[in-house]
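# Working through the structure, step by step
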Amino acid sequence: MKKYRKPKQAADAESRYRLHRRLLRTGQALMAAGALVAISHWIAHLAATGQGPSLTEDIFIDYPTGALLILIGAVLAGRTEMKKR
């Protein structure tokens, strides 16, 4: 006869809270990283040598990467706390 495992219990309030805080902090870190990417790219445009980033970098790499990181971070950080089911 096979031994069956008990179904996994629903997560208790403390573990749900820890998961929520982890997602929140991860989202905030991603938003900060996105802001740093965008700001560093903007500073590169202010270079005194006159040799700034190329148009290809502008369109495909730096600003879209910063915006995408900020967007993903905002989605993660903006999640509401999980409710007990």
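Attention in this report is confined to the structure presented alongside it. (Residues numbered from 1 in each chain as written. Predicted model: local features only at pLDDT ≥ 70, side-chain atom pairs only at ≥ 80, totals over all residues. Heavy atoms only, no water.)

### Quick look at the overall build of the chain
The line we're drawing: In this text, helices come from DSSP runs of H or I with a minimum length of four residues, and strands from runs of E with a minimum of two, each type numbered from the N-terminal end. Relative accessibility decides the category of a residue: with a 1.4 Å probe and only protein chains considered, values under 20% of the type maximum give buried, values over 50% give exposed, and everything between is partly exposed. By the convention used here, residues are in contact when the closest approach between their heavy atoms is within 4.5 Å. Note on areas: these come from Shrake-Rupley sampling with a 1.4 Å probe, and a residue is covered only by the protein chains present in the view.
Secondary structure assignment for the chain yields two helices and zero strands. Counting the 85 residues in the chain, one finds 14% classified as buried. Long-range pairs, those at least 24 residues apart, make up 77% of the contacts in the chain between residues at least 6 apart in sequence. Entry remark: accessible area of the chain is about 7,300 Å², with carbon and sulfur atoms responsible for 64%.

### Describing the environment of Ile39
Looking at the element boundaries, Ile39 is found in helix α1 (residues 13–45). Measuring from C-alpha to C-alpha, the distance between Ile39 and Tyr63 comes to 9.1 Å, with 24 residues separating the pair along the chain.

### Topic: helix α2 (residues 55–77)
Selection criterion: Expected helix span is computed as 1.5 Å times (number of residues minus one). In this scheme, the bend at a residue equals the angle between the axes fitted to the seven residues that finish there and the seven that begin there.
Across its 23 residues, α2 extends 32 Å between first and last C-alpha, which sits within 8% of the 33 Å expected from 1.5 Å per residue. Of all the bends found along α2, the most pronounced is centred on Pro64 and spans about 40°. Those residues of α2 that are buried are in contact with α1.

### Describing α1
The terminal C-alpha atoms of α1, which comprises 33 residues, lie 48 Å apart, in line with the 48 Å expected from a rise of 1.5 Å per residue. Every buried residue belonging to α1 is among Arg16, His20, Leu24, Gly27, Gly34 and His41, and all of these are buried. Where α1 is buried, its residues meet α2.

### What to know about the pattern of salt bridges
Inclusion rule: Salt bridge, as applied in this entry: a Lys or Arg side-chain nitrogen positioned within 4 Å of an Asp or Glu carboxyl oxygen.
The full count for this structure, using the stated rule, is one salt bridge. Note that Glu14 is salt-bridged to Arg18, the shortest N-O span being 3.8 Å. A residue pair is termed a helical-turn pair when its members lie 3 or 4 positions apart in one helix, as Glu14 and Arg18 do in helix α1 at four residues. Looking at Arg18, the relative accessible area reads 44%, which means it is partly exposed.

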